[in-house]
Amino acid sequence: MTLQNLENVDPHPLDPKMEINSYPTIYKEFDTKIVINNNNNNNNNDEEKVKVTTKHSIHTKDYKIVQSITEDMKANYILEQGEESGLVCNYITPMKNYHDIELCEGANRMMHVPNAGGNSVNSEALSFEMLNKMYNAQLEATEMELEYYPLGSKITDYAISIENTDVDNNVHKTIYGVSVSRAMKYLGVFNHDDARRLLKKKLFGVNESTKAVQQPYIWNKQILHIFAEQDYIFDILKDVYYNELDDYYRNNTLVIITVCNKNNSWIFFDKHISNSDLIKLNLFNNIGTDLSFFTLLTTHNNNSTLEDLTTHNNNNNNLIKVLC
C-alpha cells in the first residue's frame, strides 16, 4: 500500500504571486533537513551530510494537510497488519468555510444523505476527504447503508476501501470501518478525564460494531478518526492512549488524531459561523482561549459588551480585551 505513490509526485513550493484559485487541484511536497552521518565504513571517520525527508504536505486551494513521514509510515504499517494498533497525528488547516470547500465525490455524498442523527456531518465528510487524499480511500457505504446484527448493536460512521499491493504485485482491496469523533471541551479545558471517557467510549463502540457488521461490508479493522481543537488535546489523548488503555480497547484499531486549530469552527460546531464570529474565534484560538469564550460571544449574538467578555475570561484566568 502506498500513499498515492508520493515519491513520483514532483513537489513544488507555493508561488506567492500565484492567485489561490489557480493552484493545482492537489499537489504534494516534502520538507527535508540535513543531518550529519558518521561514515564508519571509512577509517578516516569522515562525516557525511545526508538529506532526510521529515514530513510531507498535501495542498489544495481549500486546505492543507501535514503529516510527518514517521507517522505516515506508521499508519500504513498498522493498516496493513491485521492485529496491529496505534495512534498517529496529523494537521489540517482549512482555508475556507465548509460551504466553499470543494469536496471529493464521496465526501459530497456523505454531506447529502441521511445519517443516524447527531451534529457531526461536517467532521465526517472532512474525515473521508482526508482519507481519500492521503490513502486514496474509496467510500463503500455511509452510516445508514451499513447493516448490523443483532439489532441495537453499536454502529460506525462509514466504510471505506483501500487498495494495497502484495510482494507479487497483486492488488487487493481491503474494507475498513471509520468512526469519527471530536475532542473539545464545552465551558472548560479538555483534560485526562475527558480523554479517558472519549477514547473508552469510542473504542468500545468500534470493537462492538466490528463484531456486528454484516455483509457485504464486513471488516476486520477500523479507523477511529478524532479531530482535536488544539495541540494540547492531542498530547492528552496520546498520553491516555499509551499509558492508561489496555489491549481490550486498543485492539487492532488505528487511531488518527487530526489537529485543526485554525479556521475550525465549522468542524466543531457543524454549522455556518458568521465572519465576525470567525474572526473572534480565530483570534482566541491563536492565543489559546477555549471554546467557552466563543460560546458566550455567539450566545450574545454579537451584542456582548467589553465588560461581559473580560469578566467571563477573567474567570478562566486569561484576560483578553476585545472590542465587539
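Residues numbered from 1 in each chain as written. Predicted model: local features only at pLDDT ≥ 70, side-chain atom pairs only at ≥ 80, totals over all residues. Heavy atoms only, no water.

1. What to know about the overall build of the protein
Right, on to step 1. Per the secondary structure count, the protein includes 10 helices and 9 strands.
Right, on to step 2. Counting only residues that meet the buried cut, the protein has 47% of its 324 residues in that class.
Right, on to step 3. For the protein, long-range pairs separated by at least 24 residues make up 64% of all intrachain contacts whose partners lie at least 6 apart in sequence.
Right, on to step 4. With an accessible surface of roughly 16900 Å², the protein has 47% of that area assigned to carbon and sulfur atoms. (Helix = DSSP H or I, 4+ residues; strand = E, 2+ residues; numbered from the N terminus. Buried < 20%, exposed > 50% of the residue type's maximum accessible area, 1.4 Å probe, protein only. Contact = heavy atoms within 4.5 Å. Areas by Shrake-Rupley, 256 points an atom, 1.4 Å probe, with all protein chains shown as cover.)

2. As for the confidence of the model for the protein
Right, on to step 1. Of all residues in the protein, 67% have pLDDT values of 70 or greater, and the mean over the chain is 77.
Right, on to step 2. Taken together, the stretch residues 1-25 has pLDDT below 50 and engages in 41 contacts with residues farther than four places along the chain or on a different chain.
Right, on to step 3. Here residues 284-324 is a poorly scored stretch, pLDDT under 50, and it has 65 contacts once near neighbours within four places are set aside; other chains count. (pLDDT = per-residue confidence, 0-100.)

3. Quick notes on the nonpolar core
Right, on to step 1. The biggest cluster of nonpolar side chains holds 36 residues, and the ones touching the most others in it are Phe128, Leu131, Tyr158, Ile160, Ile223, Phe227 and Leu254.
Right, on to step 2. Per-element tally for this core: the top contributor is helix H3 (residues 121-135), with 7 residues.
Right, on to step 3. Beyond its immediate sequence surroundings of up to four residues, Leu131 is in contact with Asn136, Ala137, Tyr158, Ile160, Val178, Ile223 and Ile256.
Right, on to step 4. Grouped together as the second largest cluster of nonpolar side chains are 22 residues, Ala183, Leu203, Val240 and Leu245 included. (Core = buried A, V, L, I, M, F, W, Y, C linked by side-chain atoms within 4.5 Å.)

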